[in-house]
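Chain by chain, the residues:
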Amino acid sequence: MSEEVIKVVGGNPIRGTIKIEGAKNSVLKLMAASIIAPGEYSITNVPMISDVGIMADVLRTLGAVVELGDHCARIDTTNLTSFETPYELVAKMRASISVLGPLLARFGKAKVAMPGGCRIGTRKLDMHIASLEALGVVFDSEHGYIYGAVEGGLVGNEVELAFPSVGATENLIMAAVVAKGTTIIENAAREPEICDLANFLNKMGADISGAGTPVITINGVEEMHATDHRVVGDRIEAGTYLIAGALGGGPLTVEGVDPNNLRRPLAILEKMGVHVEEGPNSITVSHEGAFKPYDIQTLPFPGFPTDLQAQFMVLSILADGHSIITENVFENRFMFADEITRMGADVRVDGHHAVIEGVEQLSGAPVQSSDLRGGAALVLAGLVADGETTVSNIEHIDRGYEDYVGKLRSVGADIKREFV
Ligand code: UD1
């Protein structure tokens, strides 16, 4: 059986402009939120990636009519017929769990298969469950499914999250919008995608304040309605191409992203010797010579995003000296580090730390992506490696990057997809 791979030959200068799509981690939740109120939604700036296709299928199995195309999702949730998401779909993508809150809001019940998705450590659901229980939901789990139901309607409550989980914050918000009374979330996640979701829900008639801060207040409303919305730019896609620009010299401009959503990564790029210029909705990088080593630790927003950890590690690997990258958000998110040693990198992983001794040059090799961001980072490494790098298991990359190869080729990379 033939497999599609990405082949990249290192050494080309990388310069030009790349248009950034809407954020994967926002659009999936906006699509899920359309379950809450019946009606016709139009979501624009939608990235054409496989995860969006999976969420569309999840909504279709519930009875929604979904049309995808031209960076737009048209969703009609007037006649939902089911409150159950089947294992075949949910197992493909963890973000499917974000239909839990919306289904509870619409039907007072939800049956959702336990999700699969990225294999980055054990990603538990305990905070999702506990916070929805606080609104009156009773859960049962068996045969790989979670079943939640609420008698007599959701009721607002004060909920303090043990960790600012993005997914748990979102599920709780999406249930609380229609709960009786007020819900206050303490230690809420502050990611820009949370703000995008809150803006979307407020346009639907919700009453949410404080999104983007650690305390979010939701006054439950009786009625919500469909709306139109443009998805916020994808800061992780932008950050990935900025690394390509830094590696390939630049100047490389990403357009369609707010630099305020990348404060920490941009500050670190400058510490590593990369020249950064900002526009209102664009960022340009350029670089000459060796990168300076810099210790990085991932943290919830506004800290450095775990979703850019592998990409930044490519810079550390080529830096002039040693550095440490500490992963604080996920267990076991260093699969990339193991694979990149095949290209000559000197990385030693010890628990939550990767200790990196910079090398002068990477050498092209056959490598396998084991997750979305790690796969993207292997391609970045290939851009500067000596000779050809062949990246396999590229379906991981297609989950979150629209036309990764085409965009990199448009700024000078010697790169192609090929069936082998
Ligand atoms: C989202 C993003 C993902 C990003 C992550 C952190 C989407 C589709 N995915 O994932 O790209 O890397 O935020 O910024 O938006 N946890 C628990 N119990 C829970 C929930 C989470 O222990 O109930 C743990 C997880 O195992 C993980 C940490 O909390 O170690 C952070 O997870 P969370 O913020 O929930 O990430 P996701 O929403 O899954």
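So, here is what we can say about the structure in this document. All of these numbers come straight from a predicted model, not from anything done at the bench. (Residues numbered from 1 in each chain as written. Predicted model: local features only at pLDDT ≥ 70, side-chain atom pairs only at ≥ 80, totals over all residues. Heavy atoms only, no water.)

Quick look at the site of the ligand now. Taken together, 20 residues surround the ligand, and among them Asp126, Met127, Ser165, Asp307 and Val329 come closest. At a separation of 3.2 Å, an oxygen atom of the ligand approaches a polar backbone atom of Lys124. Take Val166: an N or O atom from its main chain is 2.8 Å from an oxygen atom of the ligand. In the complex, 88% of the free accessible area of the ligand, which totals 740 Å², lies under the protein chains. Those elements giving two or more residues to the shell around the ligand turn out to be α1 (24–33), α5 (126–133) and α6 (166–176). Here the shell around the ligand gets 3 residues from one element, more than from any other, and that element is α5. (Near = heavy atom within 4 Å. Polar contact = N/O pair within 3.5 Å; in protein donor to acceptor, adjacent residues only side chain to side chain. Areas by Shrake-Rupley, 256 points an atom, 1.4 Å probe, with all protein chains shown as cover. Helix = DSSP H or I, 4+ residues; strand = E, 2+ residues; numbered from the N terminus.)

Attention now goes to the pattern of salt bridges. Tallied over the entire structure, the rule returns 14 salt bridges. Where Glu21 meets Lys407, a salt bridge forms, and the shortest distance between an N and an O atom there is 2.7 Å. With a gap of 386 residues between them, Glu21 in the loop between β2 (14–19) and α1 and Lys407 in helix α14 (residues 404–410) connect regions that are remote in the sequence. Of the two residues, Glu21 and Lys407, both sit in the buried class. Given a relative accessible area of 10%, Lys407 falls into the buried group. (Salt bridge = Lys/Arg side-chain N within 4 Å of Asp/Glu carboxyl O. Buried < 20%, exposed > 50% of the residue type's maximum accessible area, 1.4 Å probe, protein only.)

It is worth spelling out helix α2 (residues 50–61) at this point. Here α2 contains 12 residues, and its C-alpha end-to-end distance of 17 Å stays within 8% of the 16 Å for a straight helix at 1.5 Å per residue. Within the sequence span of α2, burial applies to Asp51, Val52, Ile54, Met55, Ala56, Val58 and Leu59. Downstream of α2 by one or two residues, Gly63 has phi in the positive range, about 110°. (Expected span 1.5 Å × (residues − 1).)

As for its position among the elements, Ala385 is in the loop between α12 (372–384) and β23 (388–392). For Ala385, a relative accessible area of 2% gives the class buried. Linking Ala385 and Gly358, residues 27 residues apart in sequence, is a C-alpha distance of 14 Å. Those residues in contact with Ala385 that lie beyond four places of it in its chain are Gly10, Gly11, Met343, Gln361, Leu362, Ser363 and Gly364. (Contact = heavy atoms within 4.5 Å.)

So, about the packing of aromatic side chains. Going through the model one piece at a time under the given rule, you end up with 5 aromatic pairs. Where Tyr401 meets Tyr404, the ring centres are 4.8 Å apart and the plane angle is 40°; that geometry is what we call tilted. An aromatic cluster is built from Tyr241, Tyr401 and Tyr404, whose rings are joined through pairwise contacts. The lysine or arginine in question, Lys111, covers the ring of Tyr145, its NZ or CZ lying 4.9 Å from the ring centre. (Phe/Tyr/Trp six-rings, centres within 6.5 Å; stacked < 30°, edge-to-face > 60°. Lys NZ or Arg CZ within 6 Å of the ring centre and 35° of its normal.)

What follows concerns the pairing of strand β13 (residues 215–219). The side-chain alternation of β13 yields one buried face, formed by Ile216 and Ile218, and one unburied face, formed by Val215, Thr217 and Asn219. Note that strand β12 (residues 207–209) and β13 share 3 bridges and pair antiparallel. Looking at β13, one finds that Ser209 is bridged to Thr217. Here β12 folds back onto β13 in antiparallel fashion, the turn holding 5 residues, of which Gly210 has a positive phi close to 90°. (Pairing = 2+ DSSP bridges.)

Right, let's talk about the sheet that holds strand β20 (residues 346–350) for a bit. Strand order in the open sheet formed by 4 strands is β18-β19-β21-β20, and the pairing between neighbours is mixed. The sheet is open, and its two edges are formed by β18 (296–297) and β20, each paired on a single side. For β20 and strand β21 (residues 353–357), the ladder comprises 5 bridges, and the chain directions are antiparallel. When the bridges of β21 are listed, Asp350 appears paired with His353. Sheet strands in contact with helix α10 (residues 309–317) are β18, β19 (322–326), β20 and β21, and its direction is about 30° off that of β21. (Axes fitted to C-alpha atoms, helices over the stretch in contact; angles between N-to-C directions.)

With the rule as written, the count across this model stands at 2 cavities of 30 Å³ or more. Estimates place the volume of the largest cavity at around 60 Å³. Lining of the largest cavity is provided by 12 residues; of these, Ala310, Arg333, Asp371, Arg373 and Gly374 occupy positions nearest its centre. In terms of residue count, α10 provides more of the lining of the largest cavity than any other element does, 3 residues in total. Its residues assigned to classes, the lining of the largest cavity shows 5 nonpolar, 4 polar and 3 charged. Around the second largest cavity, the lining residues are Ala23, Lys24, Asn25, Glu193, Asp234, Arg235, Ile236 and Arg373. The set of elements that each furnish at least two residues to the lining of the second largest cavity consists of α1 and α8 (235–247). (1 Å grid on protein atoms, 1.4 Å probe; cavity = no way out; pocket = protein on both sides within 12 Å on 5 of 7 lines; lining within 4 Å. Points joined across faces, edges and corners; volume = space filled by probe spheres on them. Nonpolar A, V, L, I, M, F, W, Y, C, P; charged D, E, K, R; others polar.)

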